[in-house]
Every structure is written in structure tokens, then in C-alpha cells.
Amino acid sequence: GAVVSQHPSRVICKSGTSVKIECRSLDFQATTMFWYRQFPKQSLMLMATSNEGSKATYEQGVEKDKFLINHASLTLSTLTVTSAHPEDSSFYICSARARTGKGSPLHFGNGTRLTVT
Amino acid sequence: AQKITQTQPGMFVQEKEAVTLDCTYDTSDPSYGLFWYKQPSSGEMIFLIYQGSYDQQNATEGRYSLNFQKARKSANLVISASQLGDSAMYFCAIETGTASKLTFGTGTRLQVTL
């Protein structure tokens, strides 16, 4: 089945540093990937849509300069949290579709738990 | 804009019993899809079942079935013969038009007891 790999699974960083999270589609190509954020005991909130070879599309209220997205190949999208602060601590999870068309589910990575100290 | 509402923050069910998790939605788009995902404590999101707005029959996938009532805008998930491993968060989500992105509800935490 379609597999999305996300790395790292956990990261602790100091305030002011940047953190890069990788999302790879292992057995399919993904022209589009989605980045979600989930606060404890809350729902998933879409942050941005990552488009291969072009700029990402950010949801309202998401700072594009803070959350840099690069989708340089058909199998890799990266999310960089720049100048991280404690309020950026959260669970970040990426997803992609293995096929187009109605009913094709999003396949999710295992998520990255970011803690900013 | 589309919206998903899950009114049950938590549910308990006894092992081997069936349980229904509620989901209502709101969208003005005539073409949409409804998804259910399971999120265990480990965090991964596991796809369970899909229902298209034009599908005539309720979707079923093994022990999962979707009670789709279009007029009431509800898409409840029914889990039959609950197992201890079914304990997790369950999210309902909607996709509309060509946006391809999913909007999630707030989730229901299901606990299966002996």
C-alpha cells in the first residue's frame, strides 16, 4: 500500500533555532502534499498545500515566512519551522494521495512531535 | 466553506459490541467526499472508510460501515464487534470540489472495555 514516511518523529530544539521536517512518499509520486498541525487533544488543522515545483499554498493565518515549505521532487516535501518559539511546539503531520480521483484517501506520515524549549 | 461536527468527545463500548460515532457536515458544494480516520495514541492517521456524496449505497469496509443520511447531512461511522485495538481517536473529514484537501472534525475518543 501507499506509504508516507516522515522524519524525524520527535525533535526538541531551543528557542530561536530552525527545524526541518521531511515528508517522503515511498512507493508513489506525489505532486501535492499537505501539511497539518495538531495541538494536544485537538483536531488536525491544515497549514499548507505543498506543490511540486512551485510555491506552496498557505491557509489563512499561517505565516509563510515562519513555516517554509519546499517540494523539490515528486517524492519529497520539507517543512522548516524557522526561528522556533515554544508556541510552535506541536504535532506536525504530512499527507499525500497515491492516486487522483474521487475517494482516494490521504495517506499520512507518522507525524513529528516538535518541542521548543 | 465546509464544516465537520463531531459532538461526542468520548465514547465507551464493551468489547464485541457495536458502536456508532456521530458526524454531521455542512457544505454548499453538491459534490463532496466524507472520510473517517483512526488515530491511535502513537499518532499516525489510518484511513478507514470513504463515502461519496453521489454514492447510492452506504460504504462498508470490514467491520466499519458508514451510515450516510444525505438529507440530514450526517455520516456516522459504525464499528461492529468492537475490539480492544479499536481504542483510539476517530476523525471525520470532508473534501469538497477539486480542493483535494480535507477538513477534519474535532474527533471522538473511543475506549473499548472488557
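So, how was this worked out
The residue numbering used here restarts from 1 in each chain and proceeds along that chain's sequence as written. Each chain takes a letter, starting from A, and each ligand takes a number, starting from 1, following the order in which they are written. Where local features are concerned, this predicted model is filtered to residues with pLDDT of at least 70; where side-chain atom pairs are given and counted, the filter is 80 or more; whole-chain, interface and lining totals use all residues. Where side-chain values are given, they derive from all heavy atoms of the structure, hydrogens and water being excluded. Note on definitions: a residue-residue contact is assigned when non-hydrogen atoms from the two residues lie within 4.5 Å. Defined in terms of a 1.4 Å probe, buried area is the accessible area two parts forfeit on being brought together, summed over both. Each reported salt bridge corresponds to a side-chain nitrogen of Lys or Arg within 4 Å of a carboxyl oxygen of Asp or Glu. Here a polar contact is taken to be a pair of N or O atoms separated by no more than 3.5 Å, where protein atoms must pair a possible hydrogen donor with a possible acceptor and residues adjacent in sequence count only if both atoms sit in side chains. Secondary structure counts use DSSP, requiring at least four H or I residues in a row for a helix and at least two E residues in a row for a strand, with both numbered from the N terminus. Each residue is assigned to one of three groups, with Ala, Val, Leu, Ile, Met, Phe, Trp, Tyr, Cys and Pro labelled nonpolar, Asp, Glu, Lys and Arg labelled charged, and all others, Gly among them, labelled polar. Throughout, disulfides are identified as pairs of cysteine sulfur atoms within 2.5 Å of each other. Residue exposure (1.4 Å probe, protein chains only): buried if accessible area is under 20% of the type maximum, exposed if over 50%, otherwise partly exposed. For two strands to count as paired, DSSP must find a minimum of two bridges between them. Where helices are involved, their axes are fitted lines through C-alpha atoms of the stretch in contact, as for all axes, and angles between N-to-C directions lie from 0 to 180°.

Draft legend 1. Representation of the interface of chain A and chain B within the structure. The interface of chain A with chain B comprises 19 residues on the first partner and 19 residues on the second. Summing both sides of the interface, chain A and chain B together bury roughly 1500 Å²; the carbon and sulfur share of this comes to 55%. At the junction of chain A with chain B, the criterion picks out two salt bridges. The closest approach of N and O atoms between K101 of chain B and E59 of chain A, which form a salt bridge, is 3.0 Å. Our enumeration of links across chain A and chain B arrives at six residue pairs in polar contact (both at pLDDT 80 or more). Contributing elements (two or more residues each) for the side of chain A that touches chain B: β4 (32-38), β5 (44-51), β9 (90-97) and β10 (106-108) of chain A. Residue classes in the side of chain A that touches chain B are distributed as nine nonpolar, seven polar and three charged.

Draft legend 2. Representation of the state of the cysteines. Applying the stated criterion to the full structure yields two disulfides over all chains. Here C23 of chain A pairs with C94 of chain A through a disulfide, and the sulfurs are 2.0 Å apart. Note on the C23 of chain A and C94 of chain A pair: the S-S dihedral is about 85°, so by sign convention the disulfide is right-handed. Note that C23 of chain A is positioned in strand β3 (residues 19-25) and C94 of chain A in strand β9, a separation of 71 residues in sequence. In terms of burial, C23 of chain A and C94 of chain A fall into one category: buried. There is a disulfide in this structure between C23 of chain B and C92 of chain B, and the S-S distance comes to 2.0 Å. For the disulfide bridge between C23 of chain B and C92 of chain B, the dihedral angle about the S-S bond is near -65°, and by the sign convention the bridge is left-handed. Of this pair, C23 of chain B sits in the loop between β3 (19-21) and β4 (24-26) while C92 of chain B is found in strand β10 (residues 88-96), placing the two residues 69 residues apart along the sequence. With respect to burial, C23 of chain B and C92 of chain B carry one shared label: buried.

Draft legend 3. Up close: the pairing of strand β8 (residues 64-69) of chain B. Residue and element names in this part refer to chain B. Going residue by residue along β8, you find Y64, L66 and F68 tucked away on one face and S65, N67 and Q69 left uncovered on the opposite face. Across two bridges, strand β7 (residues 60-61) lies against β8 in antiparallel orientation. When the bridges of β8 are listed, E61 appears paired with Y64. Hairpin connection from β7 to β8: two residues lie between these consecutive antiparallel strands, with G62 at a positive phi of about 60°. Examined bridge by bridge, β8 and strand β9 (residues 74-79) share six bridges and lie antiparallel to one another. Of the residues in β9, the one forming a bridge with Q69 is S74. Connecting the antiparallel pair β8 and β9 is a turn made up of four residues, with K73 showing a positive phi of about 55°.

Draft legend 4. Representation of the sheet that holds strand β1 (residues 4-7) of chain A within the structure. Residues and elements named next belong to chain A. Taken together, the four strands give an open sheet; going across it, the order is β1-β3-β8-β7, and neighbouring strands pair in antiparallel fashion. The open sheet has two edge strands with one neighbour each: β1 and β7 (67-73). Going from strand to strand, the sheet's axes swing by 15° on average, the running direction of each strand aside.

Draft legend 5. Just the pattern of salt bridges, in detail. Residues and elements named next belong to chain B. Under the defined criterion, the tally for this structure stands at six salt bridges over all chains. A salt bridge links D26 to K73; the shortest N-O distance between them is 3.4 Å. Of the two residues, D26 sits in strand β4 while K73 sits in the loop between β8 and β9, which places them 47 residues apart along the sequence. Look at D26 and you get partly exposed, because its relative accessible area is 43%. The exposure class assigned to K73 is partly exposed, which follows from its relative accessible area of 30%. A salt bridge links R63 to D86, with the shortest nitrogen-to-oxygen separation between them at 2.8 Å. Taken together, the residues R63 in the loop between β7 and β8 and D86 in the loop between β9 and β10 connect sequence positions 23 residues apart. Judged by its relative accessible area of 23%, R63 is partly exposed.

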